[in-house]
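# Summary of the model geometry
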Amino acid sequence: MRVTMIGAGYVGLVSGACFADFGHTVTCVDTHEGKIAALKRGEIPIFEPGLDDLVASNVKAERLFFTTSLAEGVADAEAVFIAVGTPSRRGDGHADLSYVHQAARDIASAMTGYTVIVTKSTVPVGTGDEVERIIRETRPDAEFSVVSNPEFLREGAAIIDFKRPDRIVVGTDEERAKEVMTNLYRPLFLNQSPLLFTSRRTAELIKYAANAFLATKITFINEISDLCEKVGGNVQDVARGIGLDNRIGSKFLHAGPGYGGSCFPKDTLALIKTAQDYDAPIRIVETVVSVNDQRKRAMARKVITALGGSVRGKTVGVLGLTFKPNTDDMRDAPSIAIITALQDAGATIRAHDPEGVEQAKMVLSNVDYVDSPYQAADGADALVIVTEWDAFRALDLKRIQSMMAQPVVVDLRNIYRPEEMASLGFRYSSVGRGLADL
Ligand code: UDX
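Residues numbered from 1 in each chain as written. Predicted model: local features only at pLDDT ≥ 70, side-chain atom pairs only at ≥ 80, totals over all residues. Heavy atoms only, no water.

A few words now on the UniProt feature "binding site: NAD(+)" (unreviewed entry) in the protein. Taking the numbering used here, the UniProt-annotated feature "binding site: NAD(+)" (unreviewed entry) corresponds to Asp30, Lys35, Thr86, Thr122, Glu155, Lys266 and Arg331. For this annotated set, covering 302 residues, the C-alpha atoms extend up to 24.2 Å from each other, a dispersed arrangement in space. Among the structural elements, lysine 35 can be located in helix 2 (residues 33-40). The contact partners of lysine 35, leaving out residues within four places of it in the chain, are Ala8, Gly9, Asp30 and Pro45. Its location among the elements puts threonine 122 in the loop between strand 5 (115-119) and helix 6 (127-138). Residues within four places of threonine 122 in sequence aside, it is in contact with Thr86, Lys207, Tyr208, Lys266 and Asp267. (UniProt positions renumbered as here; feature names shortened; annotations may be inferred. Helix = DSSP H or I, 4+ residues; strand = E, 2+ residues; numbered from the N terminus. Contact = heavy atoms within 4.5 Å.)

So, about the sheet that holds strand 12 (residues 382-385). Read across the open sheet, the six strands follow the order 11-10-9-12-13-14; overall the sheet is parallel. On the outer flanks of this sheet lie strand 11 (367-369) and strand 14 (427-429), each paired with one strand and no other. The average angle at which neighbouring strand axes cross in this sheet is 20°, direction not considered. Bridge analysis of strand 12 against strand 13 (residues 408-411) gives three bridges, and the strand direction is parallel. By the bridge assignment for strand 13, valine 384 is matched with valine 410. Against the sheet, helix 12 (residues 283-306) engages strand 9 (315-319), strand 12, strand 13 and strand 14, with an angle of about 160° to strand 13. Across the sheet, helix 13 (residues 334-344) is in contact with strand 9, strand 10 (348-352) and strand 11; its angle to strand 10 comes to roughly 155°. (Pairing = 2+ DSSP bridges. Axes fitted to C-alpha atoms, helices over the stretch in contact; angles between N-to-C directions.)

Below, the discussion takes up the UniProt feature "domain: UDP-glucose/GDP-mannose dehydrogenase C-terminal" (unreviewed entry) in the protein. In this structure's numbering, the residues bearing the UniProt feature "domain: UDP-glucose/GDP-mannose dehydrogenase C-terminal" (unreviewed entry) are residues 317-418. When the span residues 317-418 is considered, its composition is 30% helix and 19% strand, and the gap between its end C-alpha atoms is 19 Å.

Let's shift gears to the nonpolar core. Most often, soluble globular proteins keep nonpolar side chains buried together rather than apart. Within the largest apolar cluster, 40 residues are counted, with the highest numbers of intra-cluster contacts made by Phe19, Phe81, Met181 and Tyr185. Looking at this core, the element that brings in the most residues is helix 1 (residues 10-21), giving seven residues. (Core = buried A, V, L, I, M, F, W, Y, C linked by side-chain atoms within 4.5 Å. Buried < 20%, exposed > 50% of the residue type's maximum accessible area, 1.4 Å probe, protein only.)

A word on the packing of helix 9 (residues 200-231) against helix 10 (residues 235-243). Here helix 9 crosses helix 10 at 130°, and the two axes come no closer than 9 Å. In terms of orientation, helix 9 and helix 10 fall into the oblique class. Note on packing geometry: the crossing formed by helix 9 with helix 10 is right-handed. Counting all contacts with helix 9, which are made through Phe220, Ile221, Ile224, Ser225 and Cys228, the residues of helix 10 involved are Val235, Val238, Ala239 and Ile242. By residue class, the composition of the contact of helix 9 with helix 10 is eight nonpolar, one polar and no charged. (Parallel < 35°, antiparallel > 145°, perpendicular 65-115°, else oblique. Left-handed = near helix turned anticlockwise from the far one by under 90°. Nonpolar A, V, L, I, M, F, W, Y, C, P; charged D, E, K, R; others polar.)

Quick look at the packing of aromatic side chains now. What the rule picks out here adds up to eight aromatic pairs. Relative to phenylalanine 162, the ring of phenylalanine 22 has its centre 6.0 Å away and its plane inclined at 40°; by these criteria the two rings are tilted. With phenylalanine 22 in the loop between helix 1 and strand 2 (25-29) and phenylalanine 162 in helix 7 (residues 158-163), the pair connects residues that are 140 residues apart, well separated along the chain. The burial state of phenylalanine 22 is the same as that of phenylalanine 162; both residues are buried. Among the aromatic residues, those joined into a ring-pair cluster are Phe19, Phe22, Phe81, Phe162 and Tyr185. One cation-aromatic arrangement involves arginine 176 over tyrosine 114; the distance from NZ or CZ to the ring centre is 3.8 Å. Geometry around tyrosine 374 places arginine 399 over its ring, the cationic atom sitting 3.9 Å from the centre. (Phe/Tyr/Trp six-rings, centres within 6.5 Å; stacked < 30°, edge-to-face > 60°. Lys NZ or Arg CZ within 6 Å of the ring centre and 35° of its normal.)

Time to look at the site of the ligand. Surrounding the ligand, one finds 18 residues, the nearest of these being Phe152, Glu155, His254, Lys324 and Arg413. The backbone of glutamate 155 places a nitrogen or oxygen atom 2.7 Å from an oxygen atom of the ligand. Between the ligand and lysine 207, the relevant distance is 3.3 Å, taken from an oxygen atom to a side-chain nitrogen or oxygen of the residue. Within the complex, the protein chains bury 93% of what would otherwise be the 660 Å² of accessible surface of the ligand. In terms of residue count, the dominant contributor to the shell around the ligand is helix 9 (three residues). Domain assignment of the residues forming the shell around the ligand places at least three in each of domain 1 (2-198) and domain 2 (243-429). (Near = heavy atom within 4 Å. Polar contact = N/O pair within 3.5 Å; in protein donor to acceptor, adjacent residues only side chain to side chain. Areas by Shrake-Rupley, 256 points an atom, 1.4 Å probe, with all protein chains shown as cover. Domains from an automatic or database assignment.)

Examined against the element boundaries, glycine 243 turns out to sit in helix 10. We classify glycine 243 as buried; its relative accessible area is 6%. Put simply, glycine 243 and leucine 253 are 10 residues apart on the chain and 7.7 Å apart in space, counted from C-alpha to C-alpha. Apart from residues lying up to four places away in sequence, glycine 243 is in contact with Ile248, Gly249, Ser250 and Leu253.

The structure is reproduced here in C-alpha cells:
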C-alpha cells in the first residue's frame, strides 16, 4: 500500500519506519527542511533505540522516502496519517490543533482518488469531525474517510510497542475505511494483536482515557509510597502485593518523582479541559495533575531534608535528567522542577545524563553538565538519582562513596538496595521504603 505520514516527529517517524518495514511504501512529509535533509542523509533527529537501523534498511529497500513537499507525498496515497504535534495551548491547557487543521487543508488540496485520512496525533474528541469538515469544505467533490487511529507507543520502546501492540484502535463507521486500515495493519494480526473498531469519537477518547488512567495509577502508588514512609511500609512490596491481582496488574506501579514526558502531562490537562467544557468534569484526573505537580517540589524538599534542612552553598550531583531512560526527551521531566527548586534553595547543581544533556541545556541554566556519574559525585554533598538509566545501576558505589564530600544518596527511583547502601556507609534515602531512612 502507499502510505503518507504528515509530520516526521516521534510518532510519525516511528510509525512511518514500521509501516515501511511491514512492506508498505511510505513517504514521510515534514515542513522542516533541515530535518528532512538530515533524514535523507540517514541522520535520525531523535534518540530511539533501533530506529536508525530500521530507517536505514527501509530507505535502502526503497520503501521509505522523505520529502518537504506535501503535494508530492499525498498524491496517490491510499492512507494519509496526520502525525503532527498537538502541544498544550498556552494559557488554557487545551490541545493546540492548528497544525492538525493546517494538515487537513493541505491534504485536501493534494489528494487524488479515494483516500483514508487518519489522525494519529492525540486529538480531543470531535477533532475527526472538524478534519472531515475542513476537507469537505476545501474539496467538496473528493472521496475520502477520516479515521481516528491513536498511537500508544512509549518512548524508548517505540518500535517494539508499534510492532507488538496490546491493541490497535480504529475509529470509523465506514466499511471502506475499515478495509484499508485492516490491510495496513495485517502483519500485526499474525502476532494476534487485537484490532478494535469503534466510532471515531470513542477512539479519540480511548487515547486520553488510557493515558489519564496510567497517570492515575502512577500517582496512586506515589501517594501510597508517601504513606509507606510514615508507617514503615515498603512500597515495592505493596505494588507487588496489589499487582498480582489480575484486576489491578503489576505494571505502572513504580513509585518515583512523578510522571513527566510528552504525553501524560499534556493529555491529562487536555482531558480535564474537554470534560469541563462538556460539563462532565473528571475530578479524579484533576486531582492527579495537581498531586503530580506538587510531588516534584516535594522531591526537592526530600533532598533538602537529607542534607539536614539546607542546601545553601552545597553541591548536589544529579544522575539522570530525561523524563525516563532511553530517550533524550526533556519535555516535562521531573528533573526540571527538582533542579530549579534546589537552585532556588541555594544549591549548586552538577548533572550527568547519558543522552539528554543537549536538550537539558535548553531548559535548565546554571547547571554544570559533566560526562560521567563519577564526575557528578566528585566532591558533592549529595547525589540524587532522578532517572533510572541502566548505567546507574552498576556503578562502583564504593568509589562513589569515597569521592563525595558527604555520602548522601537520594534515590528517587529505588534502584539501589537500602541494606547495601547502608553497609557501604551511605546515608541513603529512597521512595516509600521504610521509615524515613536518614
Ligand atoms: C506514555 C504512554 O505509556 C504511551 O502509551 C503513550 O502513547 C504516550 O505516553 P511515554 O510518555 O513514552 O508513554 O512514557 P512512559 O513509559 O509511559 O512513562 C511516562 C512517565 O511515567 C515517565 O516520567 C515515567 O518515569 C513515569 N512512570 C511510569 C512512573 O513514574 N512509574 C511507572 O510505574 C511508570
